Amino acid sequence: MKLIDLITAQSARLKTAGVSFGHGTTNAFDESAWLVLWALGMPLDALEEQAQRELSAEEEATALALVDERIRSRRPAAYLTREAWLQNVPFYIDERSIVPRSFIAELLVDGEGEGTLDAWLSDQTHTVLDLCTGNGSLAVIAALAYPDVVVDAADLSDDALAVARINVDKHKLGKRITLLQSDLLASVGGPYDLILCNPPYVNSTSMAALPEEYRHEPALALAGGDDGMDLVRRILRDAPAKMTPEAVLLLEIGNERPHFEHAFRKLEVAWLDTSAGDDQVLLVTREALARWNR
């Protein structure tokens, strides 16, 4: 069987089995390609050149076994391969941390430093906090995108921080990224010029309806209370004390914009464009936060 035929056939199997996507891919074909190419030890960009390659029976069996496991276990592909990619940057991942998929990453690298976020930053942006860092992916991407900054990466979970340590070391950024165990902002330093945060924000109704794939992730990294805003309230309340006068907070709230706007009616924010639209990530200045808190 040719490589492309195997991937196409396994794509159909994934679709028929009703697996859910969203942990690095959004459709059955991309998920199939990821699993098959990884199982065969091939780079993820190899399909275009090697689509017509004839596979051996052993290679077919190896790829089928991984797809079988994906269907049987409903574990996200990233947990099976122990690898996730965000903005073309590879990260180690396992069940101790949520699979990285933040739209904030797009804003950090958009336009090679000339993107939307840059309009809010300056040459005085030197200290960055990645709050709720998980596996450390946003901290790593921020350090790669802005070579002059230093980053504190904080998380409540010691397990997540252990995964983040692997990724900081993997990208040789130990001198510029400091990992901190902290209950949100309670134990971080600062003040910071830029705070990045992709917090738990899934509301309780959505949590109860999550596909099985998401239940393999730590609930601590997903659940945000009845309206999804429990942790966001604490962050917005405490953030000004950890920010420099011209600092900004970049906050991802996923599909919870209606709940956010209901909870924070008088807070002035800017919604930033991402590949998912302009209602997933918002930016708020220290000045606006301080005024709202008063």
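Residues numbered from 1 in each chain as written. Predicted model: local features only at pLDDT ≥ 70, side-chain atom pairs only at ≥ 80, totals over all residues. Heavy atoms only, no water.

Caption draft 1: Examining the environment of Ala57 more closely. Here Ala57 is to be found in helix H4 (residues 57-73). Separated by 133 residues in sequence, Ala57 and Gly190 have C-alpha atoms that sit 57 Å apart. (Helix = DSSP H or I, 4+ residues; strand = E, 2+ residues; numbered from the N terminus.)

Caption draft 2: The confidence of the model for the protein chain, seen in detail. Counting all residues, the mean pLDDT for the protein chain is 95, and 98% of those residues have values of 70 or more. This stretch, residues 111-115, has a pLDDT under 50; its non-local contacts, to residues over four places away or in other chains, come to two contacts. (pLDDT = per-residue confidence, 0-100. Contact = heavy atoms within 4.5 Å.)

Caption draft 3: Just the environment of Asp94, in detail. Mapped onto the secondary structure, Asp94 falls in the loop between strand S2 (89-92) and helix H6 (104-109). With a relative accessible area of 7%, Asp94 lands in the buried category. On a C-alpha basis, the gap between Asp94 and Leu236 in space is 30 Å, while along the polypeptide they are 142 residues apart. Not counting chain neighbours up to four residues away, the residues in contact with Asp94 comprise Tyr79, Arg82 and Val163. (Buried < 20%, exposed > 50% of the residue type's maximum accessible area, 1.4 Å probe, protein only.)

Caption draft 4: A look at the sheet that holds strand S7 (residues 243-252). Pairing within the open sheet is mixed, and its seven strands lie in the order S5-S4-S3-S6-S7-S9-S8. The sheet is open, and its two edges are formed by strand S5 (177-181) and strand S8 (270-274), each paired on a single side. The sheet shows a mean angle of 25° between the axes of neighbouring strands, direction not considered. Bridging between strand S3 (residues 127-131) and strand S6 (residues 192-197) involves four bridges; their strand directions are parallel. Residue pairing across strands places Leu129 opposite Ile195, the latter belonging to S6. Packing against the sheet, helix H10 (residues 230-238) makes contact with S3, S6 and S7, and its axis sits at approximately 170° to S7. (Pairing = 2+ DSSP bridges. Axes fitted to C-alpha atoms, helices over the stretch in contact; angles between N-to-C directions.)

Caption draft 5: Seen up close, the packing of helix H1 (residues 3-17) against helix H2 (residues 28-39). Their axes nearest at 8 Å, the elements H1 and H2 cross at an angle of 125°. Taken together, the axis directions place H1 and H2 in an arrangement best described as oblique. Crossing hand, H1 versus H2: right-handed. Residues Leu3, Ile4, Leu6, Ile7, Thr8, Gln10, Ser11, Leu14 and Lys15 of H1 lie in contact with H2, whose contacting residues are Ala28, Phe29, Glu31, Ser32, Ala33, Leu35, Val36 and Leu37. (Parallel < 35°, antiparallel > 145°, perpendicular 65-115°, else oblique. Left-handed = near helix turned anticlockwise from the far one by under 90°.)

Caption draft 6: Structural context of the nonpolar core. Leu108, Leu117, Ile177, Leu196 and Leu250 are the most contacted members of the largest nonpolar core, which totals 33 residues. Residue contributions to this core peak at six residues, all from helix H7 (residues 137-145). Not counting residues within four places of it along the chain, the set of residues in contact with Ile177 comprises Ala139, Val140, Ala143, Val151, Ala153 and Val168. Residues Ala33, Leu40, Leu47 and Ala77 belong to the second largest nonpolar core, which totals 31 residues. (Core = buried A, V, L, I, M, F, W, Y, C linked by side-chain atoms within 4.5 Å.)

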